[in-house]
Amino acid sequence: MQPSGPMGVKVTVQWAGFRATMAAASSSSLYSGSKLLLGFTCKGKKMPLKFRWTIAFLVVTLSRCFADDDHEMEEFLKREHSLSKPYQGVGSSSSSHWELMGDAMVTTEQVRLTPDMQSRQGAIWSRIPCHLKDWEVQVHFKIHGQGKKNLNGDGLAIWYTKERMQKGPVFGNKDNFTGLGVFVDTYPNEEKHIERIFPFVLAMVGNGTISYDHERDGRPTELGGCNAMVRNLKHDSFLFIRYVRRRLTVMIDIDGQHEWRDCLDLPGVRLPQGYYFGASAITGDLSDNHDIISMKLYQLTVLRSKKEEEEEEEDVITIPSVDNMELIRLGQSDEGMSGIAIFFTVLFSMLGCIFLIVIGLVVYSHWNENRRKRFY
């Protein structure tokens, strides 16, 4: 369930009756490619040495190109920051890695943040702050319940924040949070959501003073998002969050095809190190089961030039922020107009222009008539 690119490149070569498929990793592409080439045959015969070296060169070149595109990333699972079955690291003792809050409970199959009951909220938080510079988290979750479409709520959130274990109205967490929140919002609170289909996945960065607008479904502060039909699925659903080189990427896998779909990709996102990962959910008058099956955090090792390292050392991030946030909001306000709203805007603009033209013609005819009377 990992996006292709960082860990390897699958190369298929077909030429004059011979076909070979190779997996070339960026760190050992030359070695592994050379070993595989020893076994290449062409219609049962050994390939000519010249052909072998040609294909070896192509494999190494392709693998390096893919590695360069992903900044030669390697990933390592951080177990102390990960949550998975049988959930042995969850508990109230000081030695546990994860802590439950509110109505959340652990079963053998999942961490249930809220049951399918009204007015519940729950969360699970890591006890250990994350000091990684580049990371990605893959969340296996499930949202299901008895409610019919648009009669369910309210959704869950994945957090990377300075605060932890604080109840509140933002999907079970406190408002005015400091850090990153990625929300799976399953209920539209704003009545005029003609152009947005729910459930909807969106991201927000807070600095401790920015409030989440619940009545407008977080729209004024969102960084972007995508619709995601995640309720009552018979297959697994996954959420992918990557933070590399101050670039935030969010993807989803909800179609049962084991393929990631782009949801958000935004550069210029500044997140400090030393924050906590968590997940929370809330229900109101409407409800759902909100389950976390696993949260796996990976450390990403990204090669940086000496200049890049010096620039990052000089520009230490202490407060979460997003570059050009005003432009992002301006773009969202333009995109926020529905087709009907645009139609009526154009219609009334045209009617206004016609009205002004008619008024102008009437005024001109009166003026022209008075002008002619002066000559008689």
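Up top is the structure these notes are about.
Right, let's talk about the overall build of the protein for a bit. Secondary structure assignment for the protein yields five helices and 21 strands. Within the protein, the proportion of its 376 residues that are buried is 45%. Relative to all contacts within the protein whose residues are 6 or more apart in sequence, the contacts with residues 24 or more apart total 69%. Surface accessibility of the protein: about 20,700 Å² in total, with carbon and sulfur atoms responsible for 55%.

To continue, consider the pairing of strand 9 (residues 121-126). Where burial is concerned, most of strand 9 is hidden: five out of the six residues are buried. Sheet topology places strand 6 (residues 98-102) next to strand 9; five bridges connect them, and they run antiparallel. Counterpart to L100 in the pairing with strand 9 is I124. Judged from the five bridges that link them, strand 9 and strand 19 (residues 276-282) form a sheet pairing that is antiparallel. Within the sheet, the bridge partner assigned to A123 lies in strand 19 and is S280.

Attention now moves to the state of the cysteines. With the rule as written, the count across this model stands at one disulfide. Two residues, C226 and C263, share a disulfide whose sulfurs are 2.1 Å apart. Around the S-S axis, the bridge from C226 to C263 shows a dihedral of about -105 degrees and counts as left-handed. You can see C226 sitting in strand 14 (residues 224-227) and its partner C263 sitting in strand 17 (residues 261-267), a full 37 residues away along the chain.

Looking now at the pattern of salt bridges. This structure, assessed with the given rule, holds 16 salt bridges. Salt-bridge contacts for D315 lead to R270; the nearest nitrogen and oxygen are separated by 2.6 Å. Of this pair, D315 sits in the loop between helix 3 (306-314) and strand 21 (321-322) while R270 sits in strand 18 (residues 269-270), and the two are 45 residues apart along the sequence. Given the relative accessible area of 31%, D315 is considered partly exposed. Within the structure, one salt-bridge network assembled from shared partners comprises K133, D134, R304 and E312.

As a further point, take the nonpolar core. Ranked by internal contacts, the top residues of the largest apolar core, which has 53 residues, are W135, V201, L239 and I292. Those residues in contact with L239, other than ones at most four positions away along the chain, are V137, Q138, V139, F141, I158, V182, V201, V250, M251, I252 and W260.

A word on the sheet that holds strand 11 (residues 155-161). Spatially, 6-9-19-11-12-13-14 is the arrangement adopted by the seven strands of the open sheet, whose pairing is antiparallel. The sheet is open, and its two borders are formed by strand 6 and strand 14, each paired with just one other strand. Sheet twist, expressed as the mean angle between neighbouring strand axes with direction ignored, is 15 degrees. Bridge analysis of strand 11 against strand 12 (residues 178-185) gives seven bridges, and the strand direction is antiparallel. Counted as the bridge partner of W159 is G181 from strand 12.

According to the stated counting rule, one finds 13 aromatic pairs in the structure shown. For the ring pair W135 and F277, a centre distance of 5.0 Å and an interplane angle of 90 degrees mean the geometry is edge-to-face. With W135 in strand 10 (residues 135-144) and F277 in strand 19, this residue pair connects regions lying 142 residues apart in the sequence. Comparing W135 with F277 shows no difference in burial state: the two are buried. By the ring-pair criterion, three or more aromatic residues cluster together here, those being W135, Y160, Y243, Y275 and F277. Geometry around Y276 places R164 over its ring, the cationic atom sitting 5.5 Å from the centre. Taking the ring centre of F200 as reference, the NZ or CZ of R196 above it sits at 3.9 Å.

Cut-off values and rules
Residues numbered from 1 in each chain as written. Predicted model: local features only at pLDDT ≥ 70, side-chain atom pairs only at ≥ 80, totals over all residues. Heavy atoms only, no water. Helix = DSSP H or I, 4+ residues; strand = E, 2+ residues; numbered from the N terminus. Buried < 20%, exposed > 50% of the residue type's maximum accessible area, 1.4 Å probe, protein only. Contact = heavy atoms within 4.5 Å. Areas by Shrake-Rupley, 256 points an atom, 1.4 Å probe, with all protein chains shown as cover. Pairing = 2+ DSSP bridges. Disulfide = S-S within 2.5 Å. Salt bridge = Lys/Arg side-chain N within 4 Å of Asp/Glu carboxyl O. Core = buried A, V, L, I, M, F, W, Y, C linked by side-chain atoms within 4.5 Å. Axes fitted to C-alpha atoms, helices over the stretch in contact; angles between N-to-C directions. Phe/Tyr/Trp six-rings, centres within 6.5 Å; stacked < 30°, edge-to-face > 60°. Lys NZ or Arg CZ within 6 Å of the ring centre and 35° of its normal.

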